[in-house]
Amino acid sequence: MEASKIPIVSFVSACSGAGKTTLLEKVVAILKQRGLRLAVIKHDAHRFEMDHPGKDTWRLAQAGADVVAISSPEKVALLEKVAAEKSLDEVAAMISGVDLILTEGFKQGGKPKIEVYRAELQAPLRSSAEELLAIAGDASLPGVPCYALDDAAGIAEELLRYVEGVQLRGPLGERNSE
C-alpha cells in the first residue's frame, strides 16, 4: 500500500507499565494470522541505542557516517542521525508495503488511538472520545468500544474493521473510487 494511504493506529496509555507492549504483541500475532502485513513504530522519549559498541556499523557511525544501513537476506536496518525528532508522519513515510502501521506511544501523533488503561495505576484516561478507536482495560467512555485488557482478539477485530473502513473511505474519510 502507498505510504500516504497506510492506516496508522497508536497504542497509548497515561503511564508506563500499563501493558501496551504485551497487548501489542498479541494483537500483532493475531493480525499476522489474518494475513495482514504490519509495521510497528515504537516511540522512545529517551535516547535509544540499537547498535552495539565495537560492531562494524557502530564503528562507522562513530567515524562520522550520518546514515548507516545494514542488510542481510532476512533483515534491513537503517540508523540515521537526526538533528531533531521526526514526526510520526515522517517516520511512517519511510514505510511501504504494509496494510497497517501500529505505534506504541506517539500520544501527540494525531492518529486514532487504542488507549490501554488500568484503574490500579490511578491515572486518568489521557485521550478524548474523539481520538479513540477503542479502550483496552477497565475504563469506559460513551460511544467508545471497550475491551478487556486481555481481549487481543476483540481489539484485532476492531483494527480489521478500521482498516476496511480506511480502504473504503480513504485516510481522510473520502470515498475511494477504486
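Residues numbered from 1 in each chain as written. Predicted model: local features only at pLDDT ≥ 70, side-chain atom pairs only at ≥ 80, totals over all residues. Heavy atoms only, no water.

**Details of the pairing of strand β5 (residues 100-104)**
Here comes step 1: In terms of burial, β5 is a largely internal element, 5 of the 5 residues being buried.
Here comes step 2: The alternating pattern of β5 places L100, L102 and E104 and I101 and T103 on opposite faces, both of which are buried.
Here comes step 3: Pairing of strand β1 (residues 8-12) with β5, which is carried by 4 bridges, proceeds in the parallel orientation. Along β5, the bridge assignment pairs V9 with L102.
Here comes step 4: Note: strand β2 (residues 38-42) against β5, 5 bridges, orientation parallel. Counted as the bridge partner of I41 is T103 from β5. (Buried < 20%, exposed > 50% of the residue type's maximum accessible area, 1.4 Å probe, protein only. Helix = DSSP H or I, 4+ residues; strand = E, 2+ residues; numbered from the N terminus. Pairing = 2+ DSSP bridges.)

**Thoughts on the pattern of salt bridges**
Here comes step 1: Inspection of the entire model under this criterion finds 7 salt bridges.
Here comes step 2: A salt bridge links R34 to E157; the shortest N-O distance between them is 2.2 Å. A residue pair is termed long-range when its members are at least 10 positions apart, and R34 in the loop between α1 (20-33) and β2 and E157 in helix α4 (residues 152-169) qualify at 123 residues.
Here comes step 3: A relative accessible area of 47% places R34 in the partly exposed class.
Here comes step 4: With a closest N to O distance of 2.7 Å, D89 and K111 form a salt bridge. Of the two residues, D89 sits in helix α3 (residues 88-92) while K111 sits in the loop between β5 and β6 (113-117), which places them 22 residues apart along the sequence.
Here comes step 5: Overall, the relative accessible area of 43% leaves D89 in the partly exposed class. (Salt bridge = Lys/Arg side-chain N within 4 Å of Asp/Glu carboxyl O.)

**A look at the side chain of S13**
Here comes step 1: With respect to the helices and strands, S13 occurs in the loop between β1 and α1.
Here comes step 2: A distance of 2.6 Å separates the side chain of S13 from the backbone oxygen of C15, its partner in a polar contact.
Here comes step 3: Separated by 3.3 Å, the side chains of S13 and K20 make a polar contact.
Here comes step 4: In this structure, S13 is in contact with A18, K20, K107, E115, V116 and R126, ignoring residues within four places of it in sequence. (Polar contact = N/O pair within 3.5 Å; in protein donor to acceptor, adjacent residues only side chain to side chain. Contact = heavy atoms within 4.5 Å.)

**Some thoughts on empty space enclosed by the protein**
Here comes step 1: As enumerated under the stated definition, the model contains 1 cavity of 30 Å³ or more in all.
Here comes step 2: One number sums up the size of the largest cavity: a volume of about 50 Å³.
Here comes step 3: Along the walls of the largest cavity sit S13, A14, C15, A18, E115, V116, Y117, R118, L121 and A123, which together make up its complete lining.
Here comes step 4: A breakdown of the residues in the lining of the largest cavity according to their chemical character gives 7 nonpolar, 1 polar and 2 charged. (1 Å grid on protein atoms, 1.4 Å probe; cavity = no way out; pocket = protein on both sides within 12 Å on 5 of 7 lines; lining within 4 Å. Points joined across faces, edges and corners; volume = space filled by probe spheres on them. Nonpolar A, V, L, I, M, F, W, Y, C, P; charged D, E, K, R; others polar.)

**A word on the sheet that holds β2**
Here comes step 1: Within the open sheet, the 6 strands sit side by side as β2-β5-β1-β6-β7-β8. Their pairing is parallel. Edge positions in the sheet fall to β2 and β8 (146-147), since each has one partner strand and no second.
Here comes step 2: Examined bridge by bridge, β1 and β6 share 3 bridges and lie parallel to one another. Within β6, the residue paired with F11 across the bridge is I114.
Here comes step 3: Contacts between α1 and the sheet are confined to β1, β2, β5, β6 and β7 (132-137), with β5 contributing the most and set at about 165° to the helix. (Axes fitted to C-alpha atoms, helices over the stretch in contact; angles between N-to-C directions.)

**A closer look at the confidence of the model for the chain**
Any segment with low pLDDT has predicted coordinates that should not be analysed in fine detail.
Here comes step 1: Overall, the prediction assigns the chain a mean pLDDT of 87, with 89% of residues at 70 or greater.
Here comes step 2: In this model residues 174-178 is a low-confidence stretch, pLDDT under 50, and it forms 10 contacts with partners more than four residues away in sequence or in other chains. (pLDDT = per-residue confidence, 0-100.)

**Description of the nonpolar core**
Here comes step 1: In terms of nonpolar packing, the biggest core is built from 25 residues, with F11, V27, L31, L100, I114, I155 and L159 touching the most fellow members.
Here comes step 2: The element best represented in this core is α4, accounting for 8 residues.
Here comes step 3: If we skip the residues at most four places from it in the chain, F11 touches K20, L23, L24, V27, L102, T103, E104, G105, I114, V116, I155 and L159. (Core = buried A, V, L, I, M, F, W, Y, C linked by side-chain atoms within 4.5 Å.)

**Observations regarding the environment of K81**
Here comes step 1: Within the secondary structure, K81 sits in the loop between β4 (76-80) and α3.
Here comes step 2: Assessed through its relative accessible area of 47%, K81 is described here as partly exposed.
Here comes step 3: In this structure, the C-alpha to C-alpha distance between K81 and A65, residues 16 residues apart in sequence, is 8.5 Å.
Here comes step 4: For K81, the contacting residues outside a window of four places in its chain are A61, G64, A65 and D66.
Here comes step 5: Side-chain polar atoms of K81 contact the backbone oxygen of A61, separated by 3.1 Å.

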